[in-house]
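Listed below, chain by chain, are the residues.
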Amino acid sequence: MSQALADIRVRIADAEARADRPTGAVTLVAVSKTQPWEHIAPVLDAGQKVFGENRVQEAMERWGDRREGLELRLIGPLQTNKARDAVAFFDVIETVDREKLARVLAEEIQRAGKAPRLYVQVNTGEEDQKAGIAPSEADAFIAACRTTYGLTVEGLMCIPPFDQDPAPHFALLKAIALANGVEKLSMGMSDDFEIAIEQGATSVRVGSAIFGRRDYA
Ligand SMILES: *Cc1c(COP(=O)(O)O)cnc(C)c1O
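Values in this document were obtained by computation on a predicted structure and should not be read as measured data. (Residues numbered from 1 in each chain as written. Predicted model: local features only at pLDDT ≥ 70, side-chain atom pairs only at ≥ 80, totals over all residues. Heavy atoms only, no water.)

Draft legend 1. Representation of the overall build of the chain within the structure. For the chain, the count of helices and strands is nine helices and eight strands. Computed over its C-alpha atoms, the radius of gyration of the chain comes to 17 Å, within 12% of the 17 Å expected for a compact globule of 217 residues. Considering only C-alpha atoms, the chain reaches an extent of 45 × 40 × 35 Å along its principal axes. Expressed as a percentage of the 217 residues in the chain, the buried residues total 50%. Across the chain, the fraction of contacts at a sequence separation of at least 24, relative to all contacts at a separation of at least 6, is 56%. When the accessible surface of the chain is summed, it comes to about 10,400 Å², and 48% of that surface belongs to carbon and sulfur atoms. Separation between the mean location of the 26 positive side-chain charges and that of the 33 negative ones in the chain comes to 4 Å. (Helix = DSSP H or I, 4+ residues; strand = E, 2+ residues; numbered from the N terminus. Rg over C-alpha atoms; globule rule 2.2 N^0.38 Å. Buried < 20%, exposed > 50% of the residue type's maximum accessible area, 1.4 Å probe, protein only. Contact = heavy atoms within 4.5 Å. Areas by Shrake-Rupley, 256 points an atom, 1.4 Å probe, with all protein chains shown as cover. Lys, Arg positive; Asp, Glu negative; His and termini not counted. Charge placed at Lys NZ, Arg CZ, Asp CG, Glu CD.)

In structure tokens:
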């Protein structure tokens, strides 16, 4: 696992160089969801500090007593009844995608007196089964997050359809970010993170290429 991590770091640095971007411009989010601890421990020992998780409960169980010095990001869909736990636990929530969730997050942030950094998820492929705001509604939703709910939108996130060229999806996400003055772009996974870096990703979410295939059994 730590060799795989080293390989990914080299590939990220190469992609940064090819795109004329500074070394270290891109944050590697190691996606540890469903992985057994023996796959994660060597990656932690190798100095990886930023991890992505899909589920609030699973993340709290895995990281609850080990999160010192780490940055934990929620990259899976968030139900409003888990918003309180998510605000308390995560440093970054990447999956803000509807008004009800924005409202509940705003309430929980107020109550907790602390705010995770927030990304809006955009469903660039307009897939029915996928979370995220539709591209045509993104401008209005980002504006509502800011004005109606007082949230700071740090970035945008997308997951392109698995059977399409991801590059146009990454370009669309970047265009929406530029149009709305949003700085960060979470895009690119194990199979396409180099393309995402060329398109301007500021963080990539890499799971299986570091930890091996996930076992959902
Ligand atoms: C699982 C997951 C990843 C990591 O996928 P890999 O293909 O294993 O790199 C990235 N982003 C999200 C939102 C995920 O759910």
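Draft legend 2. Representation of the pattern of salt bridges within the structure. Inspection of every chain in the model, using the stated rule, returns 13 salt bridges. Between R67 and D91 there is a salt bridge, and its shortest N-O distance comes to 3.0 Å. Of the two residues, R67 is situated in the loop between α3 (56-63) and β3 (71-74) and D91 in the loop between α4 (83-89) and β4 (92-96); the sequence distance between them amounts to 24 residues. The class of D91 is partly exposed, set by a relative accessible area of 26%. With a closest N to O distance of 3.3 Å, R117 and E71 form a salt bridge. (Salt bridge = Lys/Arg side-chain N within 4 Å of Asp/Glu carboxyl O.)

Draft legend 3. Region of interest: the pairing of strand β1 (residues 27-31). In terms of burial, β1 is a largely internal element, four of the five residues being buried. Note that β1 and strand β8 (residues 203-206) share four bridges and pair parallel. Note that in β8 the partner of A30 across the bridge is V206. Pairing of β1 with strand β2 (residues 50-53) involves two bridges; the strand directions are parallel. Bridging from a neighbouring strand, A30 pairs with F51 of β2. Note that the unit made of β1, helix α2 (residues 37-45) and β2 has a crossover that is right-handed. (Pairing = 2+ DSSP bridges. Right-handed = clockwise from strand over helix to strand, strands pointing away.)

Draft legend 4. Geometry of the site of the ligand. Near the ligand there are 13 residues, and of these K33, S190, G207, S208 and R214 occur at the shortest range. Within the contact set of the ligand, a nitrogen atom lies 2.8 Å away from a side-chain nitrogen or oxygen of R205. For the ligand, an oxygen atom lies 2.8 Å from a polar atom in the backbone of G207. Considered on its own, the ligand offers 390 Å² of accessible surface; in the complex 91% of this is hidden by protein. Within the shell around the ligand, the residues separate by chemical class into six nonpolar, four polar and three charged. (Near = heavy atom within 4 Å. Polar contact = N/O pair within 3.5 Å; in protein donor to acceptor, adjacent residues only side chain to side chain. Nonpolar A, V, L, I, M, F, W, Y, C, P; charged D, E, K, R; others polar.)

Draft legend 5. Inspection of the packing of helix α6 (residues 135-147) against helix α7 (residues 167-180) at higher detail. Put simply, α6 and α7 touch, their axes get as near as 11 Å, and they point 40° apart. Considering the angle they form, α6 stands oblique to α7. Crossing geometry of α6 relative to α7 is assigned as right-handed. Here P135, A138, D139, I142 and R146 of α6 come into contact with α7, specifically with L172, I176 and N180. (Axes fitted to C-alpha atoms, helices over the stretch in contact; angles between N-to-C directions. Parallel < 35°, antiparallel > 145°, perpendicular 65-115°, else oblique. Left-handed = near helix turned anticlockwise from the far one by under 90°.)

Draft legend 6. Structural context of the environment of R84. Within the element layout of this structure, R84 appears in helix α4. Setting aside its immediate chain neighbours within four residues, R84 contacts E108 and R111. Within the structure, the side chain of R84 is placed 2.9 Å from the side chain of E108, a separation counted as a polar contact.

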